[in-house]
Amino acid sequence: MQSEAAECGLACLAMIACYHGYETDLAALRRRFSLSLKGATLSRLIDMGQALGLHGRPVRLELEELDQLKRPCILHWGLNHFVVLKEVRRGGVVIHDPAQGARTVPWAEAGRQFTGVALELSPHANFRKAREVDPFNWRALIGRIHGLKSALSEVLVLALLLEILALLSPLFTQAIIDQVLADGDHSLLTVLGIGFILMLLLQAAVSALRSWTVMRFGTSLHLSWAGNVFSHLLRLPEEYFAKRHLGDIVSRFQAVHAIQHTLTTRVVEVILDGLMATLTLGVMLIYSLKLSAIVLGAFLVYVLVRVLSYRVQFEATSQQVIASAQQQSKFLEAVRGATTIRLHNQSAAQSARYMNATTDTLNRGLVVQKLNLIFGSANTLIFGLENTAIYWVGALMVLGGADFSAGMLIAFTMYAGMFTSRASSLVNYAVQVKMLRLQGQRLADIVLTPPERHVETNYAGPAPAPSIQVRNLGFRYAEGEAWIVRHLDLDIAAGESVAIAGPSGMGKTTLAKLLLGLLEPQEGEIRIGGIELKRLGKRAYREMLGAVLQDDTLFAGSIADNISFFDVEATPLRIEAASRLAHIHEDIVAMPMGYHSLVGDMGSTLSGGQRQRVILARALYRRPKILVLDEATSHLDLATERAVNAAIQRLRITRIVLAHRPETLASAQRVIDLSTLREPAGPHPAGLHESSRDPGVRPNEEKCDA
Ligand SMILES: Nc1ncnc2c1ncn2[C@@H]1O[C@H](COP(=O)(O)OP(=O)(O)OP(=O)(O)O)[C@@H](O)[C@H]1O
């Protein structure tokens, strides 16, 4: 299943490659072929297929002609998506949708979605069957958690004690039936009764202690693991966030909880279940071989049912997880854009979209529940029949005068009950762990993505001068896409004020992100004070930096918190100095709560211009040596902008301003026009205009956005 918003093409390619025997997965393909948020074009898919040894043949055809395609093949779907066509049936087509899983689409819907373009991929002479799949590694996923072993052993000892007590109780029952009832032994009854009560008390105490230990251990484990994953998430590179929906990241993060519960606390139960199942089986065998065979037979039937139905259950669960992630995405998107939705009179349409997603999630949830219901019934039936058979055969054995008493029969049924519940819970756990791969793979998308590179280095030299040297810089968002900058040389002296201008879409923001170390150039290098950024380390570099980007946000808290970025050592004087520089001080003190006024991440009491100046104050609070401003004053009126510009120009630091407005450009010492620096855009993404290959699809139709 795709995890990045724009990788449906890559996911389709992985499916087809796997079908032909080149076992690969998305993580491996993602490493091999880079894709930007704009997704893959059809011709890029052909190129990638070629690299995997698959010959691509694009075809334009009508819906009725789908059955003539060599399957599996890729269909261009709903203008911005790719799916794999698996089968053509009388009622519709069976597709594997990278965003939703396998499903049968009726002809009417297929007619609406299919754009008429398909891509057949077949192995050519160079194709080699191979396996290129990232080994799934739970250890890497969980990372290091301190205190895991000692906590697990504590729980294990307590639970073991509890199980031994439980193992003794059938013996009490047997003694009561065979000795107390048969011989009318009152004093034995009193001894047994008191013993039984004491055992129950002990059992209750140990059970409470065990639950408490599990709870305590589970909570601290969750805290440390969720903390590890969250800090890793924040260290991921810029493109990770750019390519994913917010809701999807949230739902992936939540997988931590499911995995942690199953893999840790439940693991203790499972070890005990295994142990107890073996012990009870041993005891049962001592009681009667014949009856034990019945119990084992029933258990094997249960295992068979679970194994045979695993695939269906896995599919249903994965679809439910994915549907619920999509629902969450829609929710977050709608809440963020509530004003836009209202202004466009789209409330009803958006509610319908959300309701559709909710219905989808619920329906998929129902399928899972239905399956569970079926398992439950199968369970009841199998083990009900087992019980009947035990009583039937057991009673015959007691009646037949064999060496088998009524008490033994009752004790045996109790042991059989214990065995079945423990052994079936073992099987259920095995299924659950296999299913957990799904959650694991989702979480792996966060945990196994390498963090931003070159952040910490062992550079120990003196702090570099705040000058920037760019040499032969080349960057594009993905292979096969046009270069945004190439062969770019740029020198910005320490203390210089430079404005970078250029038409919209020319690459100013991209250049700013490269200069800030947020994007990694594919060619050339950036030096700070003569030291290569990779050697200096981004952390050290960012200590020198102040930046305001176009989509910068505020955080929930007071204005003072936001300016100081929650600095615990912040002083009101320093906060005020930064605000005065950003020309926001007067506005803040005019508010009833001054610097303590609360702002939020979304709507806030600040105007657009005020927000921009608070964000600017936040950048200036750091007392940067290099200041990068991307359209940082675009919401200000001319007079305020002039004042802010003048204040910034008075700072004796290196300033790089990206702007359109002539006033801002004029305030800089030097204006660099990116359109003159940038190499003319190279040929468009490979093959995009190659008419021999392209069946005439407009490039913007080919990208995937699902
Ligand atoms: N994440 C991305 N993936 C793929 N292409 C991108 C991405 N971000 C930007 N681009 C493309 O890179 C080009 C340069 O974008 P950039 O935002 O750097 O331009 P800009 O000069 O800052 O524009 P503006 O002045 O409108 O802010 C644009 O064609 C844009 O479509």
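Residues numbered from 1 in each chain as written. Predicted model: local features only at pLDDT ≥ 70, side-chain atom pairs only at ≥ 80, totals over all residues. Heavy atoms only, no water.

Per an unreviewed UniProt entry, the chain is named ABC transporter, and its organism is Metallibacterium scheffleri. The record in UniProt for the chain states the following under Subcellular location (unreviewed entry): "Cell membrane". (UniProt positions renumbered as here; feature names shortened; annotations may be inferred.)

S.K.: Can you walk me through the domain arrangement of the chain in this structure?
M.R.: Buried accessible area, meaning the area lost when the parts come together, often serves as the stated size of an interface. Assigned domains of the chain: these are domain 1 (7-132) and domain 2 (468-673). Averaged C-alpha coordinates put domain 1 and domain 2 at centres separated by 43 Å. Taken together, the contacts link 7 residues of domain 1 with 5 residues of domain 2. Our count for the contact surface shared by domain 1 and domain 2 stands at 0 salt bridges. Run the count over domain 1 and domain 2 and you get 0 residue pairs in polar contact (both at pLDDT 80 or more). Across the side of domain 1 that touches domain 2, the residue classes break down as 1 nonpolar, 3 polar and 3 charged. (Domains from an automatic or database assignment. Contact = heavy atoms within 4.5 Å. Salt bridge = Lys/Arg side-chain N within 4 Å of Asp/Glu carboxyl O. Polar contact = N/O pair within 3.5 Å; in protein donor to acceptor, adjacent residues only side chain to side chain. Nonpolar A, V, L, I, M, F, W, Y, C, P; charged D, E, K, R; others polar.)

S.K.: Would you explain the packing of aromatic side chains in this entry?
M.R.: Two measures describe an aromatic ring pair: the distance that separates the ring centres and the angle between the ring planes. Scanning all chains against the criterion turns up 12 aromatic pairs. With a centroid separation of 5.0 Å and 85 degrees between ring planes, the pair formed by F475 and Y477 is classed as edge-to-face. Exposure remark for F475: the relative accessible area of 5% places this residue in the buried category. The partly exposed category is assigned to Y477, whose relative accessible area is 37%. Measuring from centroid to centroid gives 5.1 Å for F555 and F565, while their planes differ by 45 degrees, and the two rings are tilted. You can see F555 sitting in the loop between β14 (545-548) and β15 (557-558) and its partner F565 sitting in the loop between α17 (559-564) and α18 (572-581), a full 10 residues away along the chain. In this structure F565 comes out as partly exposed when scored by relative accessible area, which is 46%. Here R486 stacks its cationic end above the ring of W483, 4.1 Å away from the centre of that ring. The residue whose ring lies beneath R574 is Y621, and the NZ or CZ to ring-centre distance is 4.3 Å. (Phe/Tyr/Trp six-rings, centres within 6.5 Å; stacked < 30°, edge-to-face > 60°. Buried < 20%, exposed > 50% of the residue type's maximum accessible area, 1.4 Å probe, protein only. Helix = DSSP H or I, 4+ residues; strand = E, 2+ residues; numbered from the N terminus. Lys NZ or Arg CZ within 6 Å of the ring centre and 35° of its normal.)

S.K.: What's the story with the site of the ligand in this structure? I'm lost.
M.R.: Around the ligand, a shell composed of 15 residues is seen, among which S504, G505, K508, T509 and T510 lie nearest. Interatomic distance of 2.8 Å between a backbone N/O atom of G505 and an oxygen atom of the ligand. Within the contact set of the ligand, an oxygen atom lies 2.7 Å away from a side-chain nitrogen or oxygen of T509. A total of 640 Å² of accessible area belongs to the ligand in isolation, and the protein chains cover 73% of it. (Near = heavy atom within 4 Å. Areas by Shrake-Rupley, 256 points an atom, 1.4 Å probe, with all protein chains shown as cover.)

S.K.: What exactly am I supposed to notice about helix α3 (residues 42-51) here?
M.R.: Since the α-helix turns once every 3.6 residues, residues separated by three or four places project in the same direction. Burial of α3 is extensive: 7 of the 10 residues sit out of reach of the surface. Along α3, the residues classified as buried are L42, S43, R44, L45, I46, M48 and G49. Remark: G53 follows α3 within two positions and exhibits a positive phi of approximately 90 degrees.

S.K.: Would you take a moment to explain the pattern of salt bridges for this structure?
M.R.: Any two side chains of opposite charge can pair, given that their charged atoms come close. Overall, the coordinates contain 23 salt bridges when judged by the stated rule. Where R252 meets D445, a salt bridge forms, and the shortest distance between an N and an O atom there is 3.6 Å. One end of the pair, R252, is in helix α9 (residues 246-287); the other, D445, is in helix α13 (residues 406-447), with 193 residues separating them in the sequence. A single burial state applies to R252 and to D445, both of which are buried. The salt bridge partner of E523 is R486, with a shortest N-O separation of 2.7 Å. Of this pair, E523 sits in strand β12 (residues 523-528) while R486 sits in strand β10 (residues 485-492); the two residues are 37 residues apart in sequence, bridging distant segments of the chain.

S.K.: Looking at this structure, I do not really get the sheet that holds strand β17 (residues 626-630). What am I missing?
M.R.: Within a beta sheet, neighbouring strands are joined by backbone hydrogen bonds and run either parallel or antiparallel to one another. Read across the sheet, 5 strands follow the order β14-β17-β18-β11-β19 without closing on themselves; strand pairing throughout is parallel. Edge positions in the sheet fall to β14 and β19 (670-673), since each has one partner strand and no second. Ignoring which end each strand starts from, the neighbouring axes of this sheet average 15 degrees apart. As defined by bridge partners, strand β11 (residues 497-501) adjoins strand β18 (residues 654-658) across 4 bridges and the pair is classed as parallel. Residue pairing for β18: S497 is matched across the bridge by R655. In the packing of helix α14 (residues 508-515) onto the sheet, the strands contacted are β11, β17 and β18, and the crossing angle to β18 comes to about 150 degrees. In the packing of helix α21 (residues 638-650) onto the sheet, the strands contacted are β11, β17 and β18, and the crossing angle to β18 comes to about 150 degrees. (Pairing = 2+ DSSP bridges. Axes fitted to C-alpha atoms, helices over the stretch in contact; angles between N-to-C directions.)

S.K.: Help me understand unusual backbone geometry in this model?
M.R.: Most of the time, phi is negative for any residue but glycine, and the peptide bond is trans. For the peptide bond that leads from R71 to P72, omega is 0 degrees, which places it in the cis range. Assignment of secondary structure puts P72 in the loop between β2 (54-60) and β3 (73-77).

S.K.: Could you clarify how one ought to interpret the sheet that holds β10 in this entry?
M.R.: Ordered in space as β10-β9-β12-β13, the 4 strands form an open sheet in which the pairing is antiparallel. What marks the edges here is a single partner per strand, and that holds for β10 and β13 (531-532). Strand direction decides the pairing type here: strand β9 (residues 468-475) and β10, joined by 5 bridges, are antiparallel. Among the inter-strand pairings, V470 is bridged to a residue of β10, identified as L490. Strand contacts of α14: β9, β10 and β12, with the helix running at about 120 degrees to β9, the strand carrying the most contacts.

S.K.: What am I meant to see in the environment of R580 here?
M.R.: With respect to the helices and strands, R580 occurs in helix α18. Distance from R580 to I294, taken between C-alpha atoms, is 85 Å for residues 286 residues apart in sequence. The residues touching R580, leaving out its near neighbours within four places in the chain, are H585 and E586. Polar contacts involving the side chain of R580 include one to the side chain of H585, which spans 3.2 Å.

S.K.: Would you mind going over the nonpolar core with me for this structure?
M.R.: When a protein is soluble and globular, its nonpolar side chains tend to lie buried together. Of all hydrophobic cores here, the largest spans 35 residues; its most connected members are I559, I563, L616 and L629. Elements supplying a minimum of two residues to this core: β11, α17, α18, α20 (608-621), β17 and α21. Looking at this core element by element, the count peaks at 7 residues for α20. Those residues in contact with I563 that lie beyond four places of it in its chain are I575, A578, S579, I588, Y595, V614, A617, R618 and Y621. By size, the runner-up hydrophobic cluster in this structure holds 33 residues, among which are F475, V485, I492 and I672. (Core = buried A, V, L, I, M, F, W, Y, C linked by side-chain atoms within 4.5 Å.)

S.K.: Got a minute to help me understand the side chain of R613 in this structure?
M.R.: Relative to the assigned elements, R613 resides in helix α20. Residue class for R613 comes out buried when judged on its relative accessible area of 9%. In contact with R613, other than residues within four places in its own chain, are A582, H583, I584, D587, L636, T640 and V644.

S.K.: How should I be thinking about a nonpolar patch on the surface in this particular structure?
M.R.: Taken together, the side chains of L160, I164, L168, L171, L275 and L279 make up a nonpolar region of the molecular surface, amounting to roughly 490 Å² of accessible area. Going through the elements one at a time, α6 (148-183) and α9 are the ones with two or more residues in the nonpolar patch. Counting residues per element, the nonpolar patch draws most heavily on α6, at 4 residues. By the secondary structure assignment, I164 is in helix α6. (Patch = residues over 30% accessible without salt bridge, like charges linked within 9 Å, V, L, I, M, F, W, Y side chains within 5 Å.)

S.K.: Would you explain the confidence of the model for the chain in this entry?
M.R.: Confidence in the prediction of the chain, expressed as mean pLDDT, is 83, and 91% of residues score 70 or more. The secondary-structure element of the chain with the lowest mean pLDDT is helix α24 (residues 699-702), recorded at 36, while α18 shows the highest, at 94. The model gives residues 680-706 a pLDDT under 50, and that stretch makes 64 contacts with residues more than four places away or in other chains. (pLDDT = per-residue confidence, 0-100.)

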